[in-house]
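# Tertiary structure, described
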Amino acid sequence: MAAPSATPPATPSVTPPAGLVPLTEIAPAIAAISVSRRRFLGFGLAIIGGLSGAAGLSRLFPVFEDTESAPPPIIPAYDPVGKAWTFVVDSSACIGCGLCVVACKEENDVTEDARFARTWVERHAVTTDGTRYVDSPDGGIDGFPATSTAPGAEGKTVAEAFFEPRLCMQCEDSPCTAVCPVSATYKTEDGIILVDPRRCIGCGYCVVACPYGARYIAPAADRSPNDTPGVADKCTWCYHRISRGDLPACVEVCPVGARKFGDASDPKSEIATIVRERAPKPLHPEFGTRPRVLYLGPAVEEA
Amino acid sequence: MLGTARSLTLAGHTVPLAPRAALAALVHEAVRMPRPLQIWLAFLLGVLALVVPAALASLPPGWEVMGTTPTFEWGLLIVGYVFFAITTSGLCLASSLGTVFGIERFRPLEKRHAILALLSLMAAFGIIALDLHYPIRMVFGAVFVPSPTSPMWWMGVFYGIYLCVLLVEVWSMFTDHPRIHQAACTMAACTAIVAPATLGAVFGVLVARPFWNGPFTPILMVASAFLSGTSLLGIVFFAVHRLGLVGADRAASLAIPAIRSLLTLGLILVSLLVARQMIAGLLSDRPAFASATEALLTGPLALEFWGVRVVLGLVVPLLLVALPATRTINGTFAASILAMIGVFTDRMTFVSAGQIAPTSASGVVTAPWSTYSPSLIEVAILVGAAAFIALGYTLAERYLDLSESSDVHAYVSLSWIRNRFRRPSPEGDVR
Amino acid sequence: MSRLDAIRRAALELLSSARRIAGRLWCAAARLWEAAARFWDTVRPTTRRGAALGLATIVGGASLLAVVFFVGATVAWSPYLESSVHPDTNARTWAALEPTYARDGTCATCHAIEAGKAATASHAGITCQSCHGALLDHSLASPGTAEVTAGLAVPTNEVCVRCHASAAGRPESLRQVEPARHYISECLQCHDPHTGISRRPPVVLHTLENLPPCTTCHGPEGFKARNQRHPAIENDALCLPCHAAGRGPEDR
């Protein structure tokens, strides 16, 4: 290079090859645009062109559409297609023992905090003056005391009462899956609605969207789904049990058979018989979400 | 704005970038500024200093500091987010009459509204980032995985577009690109209608919350946005007039009367919509809607609703802008402040009323009402957001040139439309 | 002016306006084209080497980005990978959780006697795990090891009281007590949940306060008190005058 000197070396003058005309002669306006802006614009165009080309090329190849080999099944020997899981709750049989709540928390590693339960039992009591009181002490996990603990019910005589177990309805037309902004909650092929704890941002939209109050944001406690606190959680109908042919834990331990579960696609199954003969109904059909937990007994008339 | 390796020049002020020189320049500037300004900035910085640890305390795993429960999942932070988000849209809506349609009375609002809108939107995003439990996941989850069934996703899309458009608008405002500025203002005005409407739809699609459910919620949000943006402009322009800031003469003669007429419009609109909602709630046979309305009118929210939202926030401002005795600059300022307080209270009662009806969720039965009391941290975050906007705007007012420029061409001015189809008159076209 | 002329004139005005607008649009388009041409001249390569380099960069960069996006999308959405965002992956994670409760009927394979007893008793139909808690680990543990009894405990009164405490809403067919007034605190002292047979309670010296009606225990079908000297009577009101006056079990 040039010998070191105080002034910077002059740019060498180069005669352009024949046939090429200097820029400034073609368009004098170009000289007006500063060099740095030109470079920036040129660079930007290259990047945009590259990105659009890449995006376009990657869209040309479908990633996973109708490949010959299907992905491995969810659980070996479990075919989710064609399953019509149905849950029937008999509110006239329930005695409010709370064993279902205990079993659910034990089975699914739900936080022990009493404010959060995937399934719970409510007592609906009508006093002699006709007022209706609903109470659910700690979700019913320790059973129920003799009289209603609802505010305003102290000292009043209860004319009639019944227990109403509640859980996620796994609605056909679920508002929770519709409103999730990141599509973290979704419906599986067999109709069970699950939450992906890796994608949930904890905004709580699904919690306010559920008409049945089945969802909550898992607190920062010892036990949380996939060790991820702060994400939405809810009853999954014990997906890990039903995919192995077992019953959900709450159905398993109910001492009076107030909860029934099965695959209604088999017309000879117990659950299909119940649905056919006793015509259970969903709660609050006016919400329009088409819940799949069907109720028998006084809970249906009251709703 | 011109930047070199050694210094940054913005609107005539040069800031050296070497650390020691920058610090010296900062101290020099702080000593030199007028005493009231020093006190005001010190106060704002003090508030922010208190708020920042509170905000940090709410980061993971500190979520338990929020007062929300499964029966009342959306609390004060959501209220704050909605309030600042609709304020930012309202600012562009209110000033679109000047920027997009070129009406002379609204021209003074040009530059100030853009700064305020940008600050307000940044505050809204900051609040929601603190409310979400995993905000980074939202960037990847919402951007790369579209969820078109979710109104919240669309709200994110539209407010994202709005942010980009606002940035372009502010940039072009200070770097002399009038046509880009015009296009950006038009785009911002359009987005400023769609975005709060989508925010209203976030509440309006929920069948589980009959108080929010329905087609009037998006309309109420847009009307609230208009009112809120106008009130903020009223407050700011009163300060411009009283402190004699840049453009104060036009502020008193043009901007403040213009803001007064916008306020009147906004107050009447919001009053009609709120009245409609209360009447619909009283006559409704959906129990949650009826009990939510009952909570607002005679229940736990009654004091906030009647005392603050209706009387202080709607009736008194309407009187102030209607009665000849109070159609003054001070009267407009008072009306603006009260209307703004009214809109904030309206957001709060709105979000509360939707969740207050007795319900049972995740094992908790609430009776007679679902309860929620905001924790100190949530209040601190909201106060911090307001202080942030005040601080940003004060600095912008001091160091940027916020007077109107005469370069902004009216893209679609009413006179242009009128003159297209006029019969040619002997004097020729008159603009 | 006649109406026809007015219409014609309005139409001509509209036409001229339309022509003016079209002309302006055309000018704007031409200006855009010129601007694009000027811009292209600022970035267009001037040497053959420059042109080759530019083309190579764009094509190479585009292909590299395409490959990156394709691979990234494949990896992120693959249902085969555990870290993917495909919903099936997460469904598999949920389905792969380990159960804690065993299947009904597992108990009978080892505990046939108790299962047989329970099947005919008043607690028939209640699964073992309702009272004994989660038993899957117990059922899978190898017999004779410490794991078999790990975590097991005899159910306490709390389990019985859950169902049998009297509470509003429970049907009359369910036998209910008020535990605070049932005076023996240990349910298993008298009641065998597996067979439903209740034994005679052990002798308890008790005061006369806070008790259920005397006939609950000492009625004609109930227990005779130790050293009971008179046959059981059916009317409570007849018990108290003598026994409250001090003539009762403490006398002896």
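Conventions used here
Residues numbered from 1 in each chain as written. Chains lettered and ligands numbered in written order. Predicted model: local features only at pLDDT ≥ 70, side-chain atom pairs only at ≥ 80, totals over all residues. Helix = DSSP H or I, 4+ residues; strand = E, 2+ residues; numbered from the N terminus. Buried ≥ 20, exposed ≤ 12 C-beta atoms within 10 Å, placed from the backbone. Contact = placed C-beta atoms within 7 Å. Domains from an automatic or database assignment. Core = buried A, V, L, I, M, F, W, Y, C linked by C-beta atoms within 7 Å. pLDDT = per-residue confidence, 0-100. Pairing = 2+ DSSP bridges. Axes fitted to C-alpha atoms, helices over the stretch in contact; angles between N-to-C directions. Nonpolar A, V, L, I, M, F, W, Y, C, P; charged D, E, K, R; others polar. Parallel < 35°, antiparallel > 145°, perpendicular 65-115°, else oblique. Left-handed = near helix turned anticlockwise from the far one by under 90°.

### Side note on the overall build of chain C
- Helices and strands together make up the secondary structure of chain C, namely nine helices and zero strands.
- Element order for chain C, N to C, with α for helix and β for strand: α-α-α-α-α-α-α-α-α.
- Split into buried and exposed, the 252 residues of chain C put 13% on the buried side.
- Expressed as a percentage of contacts within chain C between residues at least 6 apart in sequence, the contacts between residues at least 24 apart total 37%.

### Let's talk about the domain arrangement of chain C
- Once the domains are mapped, chain C shows domain 1 (1-44), domain 2 (48-97) and domain 3 (206-252).
- Of note, the centres of domain 1 of chain C and domain 2 of chain C, computed from C-alpha atoms alone, are 47 Å apart.

### A few points about the nonpolar core
All names here are of chain B.
- Within the largest apolar cluster, 208 residues are counted, with the highest numbers of intra-cluster contacts made by Ile 127 and Ile 381.
- With 14 residues, helix 3 (residues 76-99) is the single largest residue contributor to this core.
- When residues no more than four places from it in sequence are discounted, the contact partners of Ile 381 are Val 51, Ala 54, Ala 55, Ser 58, Leu 77, Ile 127 and Leu 130.

### Brief notes about the confidence of the model for chain C
- With 86% of its residues at a pLDDT of 70 or more, chain C has an overall mean of 82.
- Our summary of model confidence lists the complex with pTM equal to 0.81 and ipTM equal to 0.87.

### Quick look at the sheet that holds strand 3 (residues 132-135) of chain A
All names here are of chain A.
- Ordered in space as 3-2-4, the three strands form an open sheet in which the pairing is antiparallel. Of all the strands in the sheet, the pair left with one neighbour each is strand 3 and strand 4 (158-166). If you compare each strand with its neighbour and ignore which way they point, the axes differ by 20° on average.
- Of the strand pairs in this sheet, strand 2 (residues 120-127) and strand 4 are connected by eight bridges, and their pairing is antiparallel. Along strand 4, the bridge assignment pairs Trp 120 with Arg 166.

### Some points on the interface of chain A and chain C
- Counting residues at the interface gives 64 residues for chain A, matched by 51 residues for chain C.
- Secondary structure elements with two or more residues in the side of chain A that touches chain C: helix 1 (23-26), helix 2 (28-32), helix 3 (35-60), helix 4 (99-108), strand 2, strand 4, helix 7 (239-242) and helix 8 (249-253) of chain A.
- Looking at the side of chain A that touches chain C element by element, the count peaks at 13 residues for helix 3 of chain A.
- Of the residues that constitute the side of chain A that touches chain C, the class distribution is 40 nonpolar, 15 polar and nine charged.

### Here we look at the sheet that holds strand 1 (residues 85-90) of chain A
Residue and element names in this part refer to chain A.
- With mixed pairing, three strands are arranged side by side in an open sheet as 9-1-10. Looking at strand neighbours, the two that pair on one side only are strand 9 (259-263) and strand 10 (293-296), the edges of this open sheet. Pairwise comparison of adjacent strand axes, ignoring direction, gives a mean angle of 20° for this sheet.
- Here strand 1 runs beside strand 9; their pairing, made up of five bridges, is antiparallel. Opposite Val 89, over in strand 9, you have Arg 259 as the bridge partner.

### Focus: the environment of Ile141(A)
Residues and elements named next belong to chain A.
- Relative to the helices and strands, Ile 141 is located in the loop between strand 3 and strand 4.
- Note on Ile 141: 21 C-beta atoms within 10 Å, which makes it buried.
- Separated by 102 residues in sequence, Ile 141 and Ser 243 place their C-alpha atoms 26 Å apart.
- If we ignore the near neighbours within four places in the chain, the residues touching Ile 141 are Gly 98, Val 101, Val 102 and Ala 114.

### Some details on the packing of helix 9 (residues 248-282) of chain B against helix 12 (residues 329-356) of chain B
Residue and element names in this part refer to chain B.
- Direction vectors running N to C along helix 9 and helix 12 enclose 40°, while the axes themselves pass 10 Å from each other. Comparing their axes, helix 12 and helix 9 come out oblique. Crossing hand, helix 9 versus helix 12: left-handed. Side by side, helix 9 and helix 12 meet where Ala 252, Ile 256, Ile 259, Arg 260, Leu 263 and Leu 267 of the first sit next to Ile 329, Thr 332, Ala 335, Ser 336 and Ala 339 of the second.

### Some details on the confidence of the model for chain A
- Put simply, chain A has an average pLDDT of 83, and 79% of its residues get 70 or more.
- For residues 64-68 of chain A, every residue scores under 50 in pLDDT, and the model assigns this stretch one contact once sequence neighbours within four places are set aside.

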